[in-house]
Amino acid sequence: MDLKKLFESWPVYRQLTGADALARGKAAESQRSAGLQPRTAAADSVARSVCPFCAVGCAQKVYVTDGKVVQIEGDPDSPISRGRLCPKGSASKQLVTGPQRETTVRYRAPYATQWQELELDTAMDMVADRVLDARRKGWQDFDADRNTLRRTLGVASLGGATLDNEENYLIKKLFTALGALQIENQARI
């Protein structure tokens, strides 16, 4: 490479000799960056979603190529976040593509030392059976003065900050219908 081409490849030289004196355009652009394409350019489809990390509800655009998530970005059309995501929201692609993500139902029986895989229907039936059993065992129709209670102290709910308003509403309805009194969310504690 001759000396002239070497100087012309430096952004400072292009900034001082060209029309881009503030180096906000072509002067700062390298050959490598000029040829780059955004990860989203080849996406087959874009799904709109909501960030799962907190109850703010920042909108996201999920870019999918060949059935796999290739990028997740903030949605600029969102009146809540206006295209911005916090560091956790920006890293939410890891939730669906990370190699450490469990994709099967894992169960460890009481006193067992090993985990085993279960079918989803089996696991859901086990959860439902245990919830109904705890409800039945903790059920109270009346107190000592024969005041009507119709409640259970055998079931409680503690929601996390990753739940949005709609999920919290449905959980509140479900646990109230089960007769539970202890229904709380982490955001209020």
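Note that this is a predicted model, so its numbers are computed, not measured.

Enquirer: When you look at the domain arrangement of the protein in this model, what are you seeing that I'm missing?
Expert: One widely used convention gives an interface's size as the accessible area the parts lose upon coming together. Domain annotation for the protein reports domain 1 (45–97) and domain 2 (119–188). A separation of 31 Å is found between the C-alpha centroids of domain 1 and domain 2.

Enquirer: Before we go on, may I ask you to explain unusual backbone geometry in this structure?
Expert: Comment: phi is negative for the bulk of residues other than glycine, and the bulk of peptide bonds are trans. Of note in the backbone geometry, Arg82 takes a positive phi value of approximately 50° without being a glycine. Position of Arg82 among the secondary structure elements: in the loop between strand 3 (68–74) and helix 4 (87–90). What makes Arg82 exposed here is its relative accessible area of 57%. Not every positive phi belongs to a glycine, and Arg146 is a case in point at roughly 65°.

Enquirer: Could you clarify how one ought to interpret the packing of aromatic side chains in this entry?
Expert: What characterises a pair of aromatic rings is the spacing of the ring centres plus the angle enclosed by the ring planes. Within this structure, the stated rule accounts for zero aromatic pairs. If you follow Arg146 out to its NZ or CZ, it ends over the ring of Phe142, 4.0 Å from the centre.

Enquirer: Before we go on, may I ask you to explain the environment of Glu117 in this structure?
Expert: Take Glu117: it is sitting in strand 5 (residues 116–118). Judged by its relative accessible area of 53%, Glu117 is exposed. Taking the C-alpha atoms as reference points, Glu117 and Tyr107, separated by ten residues in sequence, lie 6.2 Å from one another.

Enquirer: For this particular structure, what's the right way to read helix 7 (residues 165–178)?
Expert: Count 3.6 residues to each turn of an α-helix, and residues three or four apart come out pointing the same way. Relative to the 20 Å expected for 14 residues at 1.5 Å per residue, helix 7 spans 20 Å between its end C-alpha atoms, a close match to the ideal helical length. Gly179 lies just past helix 7 and shows a positive phi near 95°.

Enquirer: Help me out: how do you make sense of a nonpolar patch on the surface in this one?
Expert: A contiguous nonpolar patch, built from Leu3, Leu6, Phe7, Trp10 and Tyr13 and spanning about 480 Å² of accessible area, is present on the exposed surface. Sorting elements by how many residues they give to the nonpolar patch places helix 1 (residues 3–8) first, with three residues. Along the chain, Leu3 falls in helix 1. Overall, Leu3 belongs to the exposed group, its relative accessible area being 57%.

Rules used in this analysis
- Residues numbered from 1 in each chain as written.
- Predicted model: local features only at pLDDT ≥ 70, side-chain atom pairs only at ≥ 80, totals over all residues.
- Heavy atoms only, no water.
- Domains from an automatic or database assignment.
- Helix = DSSP H or I, 4+ residues; strand = E, 2+ residues; numbered from the N terminus.
- Buried < 20%, exposed > 50% of the residue type's maximum accessible area, 1.4 Å probe, protein only.
- Phe/Tyr/Trp six-rings, centres within 6.5 Å; stacked < 30°, edge-to-face > 60°.
- Lys NZ or Arg CZ within 6 Å of the ring centre and 35° of its normal.
- Expected span 1.5 Å × (residues − 1).
- Patch = residues over 30% accessible without salt bridge, like charges linked within 9 Å, V, L, I, M, F, W, Y side chains within 5 Å.
- Areas by Shrake-Rupley, 256 points an atom, 1.4 Å probe, with all protein chains shown as cover.
- Salt bridge = Lys/Arg side-chain N within 4 Å of Asp/Glu carboxyl O.

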